[in-house]
Every structure is written in structure tokens, then in C-alpha cells.
Amino acid sequence: MSLNLFCLNGPNLNLLGEREPEIYGKDSLKDIEKIASKKAQELGAKLTFRQSNHEGELIDWIQEARISASALILNAAAYTHTSIAIHDALKTLEIPIIELHLSNPHSRESFRAKSYIAPVADGVIAGLGSAGYSLSVEAAVSLVNKWKKTHG
Ligand code: DQA
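These remarks concern the structure in this document. From a predicted model like this one, the values you see are computed outputs, not experimental measurements.

### Digging into the sheet that holds strand β1 (residues 3-9)
At step 1: The parallel open sheet is built from 5 strands, whose spatial order is β2-β1-β3-β4-β5. This sheet does not close on itself; its edge strands, each paired only once, are β2 (45-51) and β5 (123-126). Strand-to-strand twist of the sheet, defined as the mean angle between neighbouring strand axes without regard to direction, takes the value 20°.
At step 2: Sheet analysis places strand β3 (residues 71-75) next to strand β4 (residues 97-101), joined by 3 bridges and oriented parallel. Residue Leu74 lies in a different strand from β4, and its bridge partner there is Glu99.
At step 3: Contacts from helix α2 (residues 29-42) reach β1 and β2, with the element oriented near 160° to β2.
At step 4: Across the sheet, helix α5 (residues 131-151) is in contact with β1, β2, β3, β4 and β5; its angle to β1 comes to roughly 140°.

### Here's the deal with the environment of Ala131
At step 1: Here Ala131 lies in helix α5.
At step 2: Take Ala131: its relative accessible area is 41%, and that puts it in the partly exposed class.
At step 3: Through-space distance from the C-alpha of Ala131 to that of Ser28 is 13 Å; in sequence the pair is 103 residues apart.

### Here's the deal with the pattern of salt bridges
At step 1: This model, assessed by the stated rule, comprises 7 salt bridges.
At step 2: Put simply, Arg50 and Glu64 hold a salt bridge, and the shortest N to O gap is 3.0 Å. Of this pair, Arg50 sits in strand β2 while Glu64 sits in helix α3 (residues 55-68), and the two are 14 residues apart along the sequence.
At step 3: Residue classification places Arg50 among the partly exposed positions, given a relative accessible area of 22%.
At step 4: In this structure, Arg108 and Glu109 form a salt bridge, with 3.9 Å as the shortest nitrogen-oxygen distance.
At step 5: Residue classification places Arg108 among the partly exposed residues on the basis of a relative accessible area of 21%.
At step 6: Assessed through its relative accessible area of 35%, Glu109 is described here as partly exposed.
At step 7: One connected set of salt bridges, linked through shared partners, spans Lys38, Lys39, Glu42 and Glu138.

### Examining the nonpolar core
At step 1: Among the nonpolar cores identified, the biggest contains 25 residues, and Leu5, Leu47 and Tyr133 are the most heavily contacted of them.
At step 2: Of all the secondary structure elements, the ones that give two or more residues to this core are β1, α2, β2, β3, β4 and α5.
At step 3: In terms of residue count, the dominant contributor to this core is α5 (5 residues).
At step 4: When sequence neighbours within four positions are dropped, the list of residues in contact with Leu47 reads Leu5, Cys7, Ala36, Ser37, Ala40 and Val137.
At step 5: Formed by 21 residues, the second largest nonpolar core is a distinct cluster that contains Ala65, Leu72, Ala76 and Ala89.

### Quick word on the packing of α2 against α5
At step 1: In contact at an axis separation of 9 Å, α2 and α5 are set at 30° when each is read in the N-to-C sense. The angle between α2 and α5 places the two elements in the roughly parallel class. Of the two possible hands of crossing, α2 and α5 adopt the one that is right-handed. Facing Leu29, Ile32, Ile35, Ala36, Lys39 and Ala40 of α2, the residues of α5 in contact are Tyr133, Ser134, Val137 and Glu138.
At step 2: Per-class residue counts for the contact of α2 with α5 are 7 nonpolar, 1 polar and 2 charged.

Rules and cut-offs
- Residue positions are given per chain, counted from 1 along the sequence in the order it is written.
- Totals for whole chains, interfaces and linings use all residues, but because this is a predicted model, local features are given only for residues with pLDDT of at least 70 and pairs of side-chain atoms are given and counted only at 80 or more.
- Only hydrogens and water are set aside; all other atoms, that is, all heavy atoms of the structure, feed into the side-chain values.
- When DSSP finds two or more bridges between two strands, those strands count as paired.
- Here a helix means four or more residues in a row that DSSP labels H or I, a strand means two or more in a row labelled E, and each is numbered from the N terminus.
- To get an axis, a line is fitted to the C-alpha atoms, and for a helix only the part in contact is used. The angle between two axes follows their N-to-C directions and goes from 0 to 180 degrees.
- Residue contacts follow a heavy-atom distance rule, with two residues in contact if any of their heavy atoms lie within 4.5 Å.
- To sort residues, take the accessible area from a 1.4 Å probe on protein chains only and compare it with the maximum for the residue type: under 20% means buried, over 50% means exposed, and anything in between is partly exposed.
- When a carboxyl oxygen of Asp or Glu lies within 4 Å of a side-chain nitrogen of Lys or Arg, that pair is called a salt bridge.
- What is meant by a nonpolar core is a set of buried Ala, Val, Leu, Ile, Met, Phe, Trp, Tyr and Cys residues, joined one to another through side-chain atoms within 4.5 Å.
- Each angle gets one of four labels, with under 35 degrees taken as roughly parallel, over 145 as roughly antiparallel, 65 to 115 as roughly perpendicular, and the rest as oblique.
- Handedness of a crossing follows from how the near helix is turned relative to the far one, being left-handed for an anticlockwise turn of less than a right angle and right-handed for a clockwise one.
- Following the grouping adopted for this structure description, the nonpolar residues are Ala, Val, Leu, Ile, Met, Phe, Trp, Tyr, Cys and Pro, the charged ones are Asp, Glu, Lys and Arg, and the polar ones are all others, Gly among them.

Just geometry here; none of it tells us what the structure is for.
What follows is the structure, encoded as C-alpha cells:
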């Protein structure tokens, strides 16, 4: 199994299932991890799935992904809208990056319209709830395979 996908989750996503379920759904992050890992396995990939409430820890993991991942799926949660440090860390990566959100930030408060991730992401999946995680695993595998074809 040569594909190692990283899926990193930002602040408050550890509370999924309890936190504003009308917006984020009833699945816990553990439920989501199980489903997304199964999808990765079906596609011949391994999923490294983590969550942190701390910006610096997320940046350390992004730097780890730079060395050991084939693609990065990132739900940076509220840091999406604030973190130039995460933006800068993502800029050092040469692997495909997918920005992911459970909700559609563009249909919510205006402060969620700004994303520091989007300018450095290959694609964005948002507004599809927990299904977005499996979809982003599929998209990541497809982007890696496309990259391999063009780069040999
Ligand atoms: C989120 C959207 C963000 O605006 C918010 O701060 C989150 C979760 C989502 O998955 O919908 O914490 O990233």
C-alpha cells in the first residue's frame, strides 16, 4: 500500500456529534474516521487521521505530511478563516491538497467567506456533511494518480 493520505482536522471538530448538530450533523469524528478509512482501504490507500485544537500542532503535522504523505485533506475549521501560518505551511507542500468543510461556509456568516486555505488548495469540498470526508478521499486518490501519470 503505497498511498498514504493525511486527513487533518482543526479546532472543535473533536466535538462533532455534540456541537451544533443541525449544522455539522450527528456523526462523531470517530464515526467519520471509520468510514473514511474504509473508503481509503477500498482504494488501496492508508488514511492517517488526526485532530487538534492547536494551530502549531496542525502546522507540525502539515510539515510531517510534506515528507510522508501522498496527499493532504484538511478541515482547518475556524483556522481556515484566520491562519496565515497554516497558509504558509501548505505552500511548502508539493502533494495535492484538498480543503474540506462539513458545512458550506459561503452560505453562513460573512466572516466564513474568507479562506486562507483555498488559494493553496487543488480543490475544495464543502457543504456535503460527513459524506465530504469519503468524497475527499476519492478525490485525493484520483489527484495522486493523475499526478503520477503526468510526472512518471
Ligand atoms: C467548518 C466550517 C468552519 O467555518 C468552522 O469554523 C468549523 C467547521 C466545517 O467543517 O464546516 O469549525 O470547517
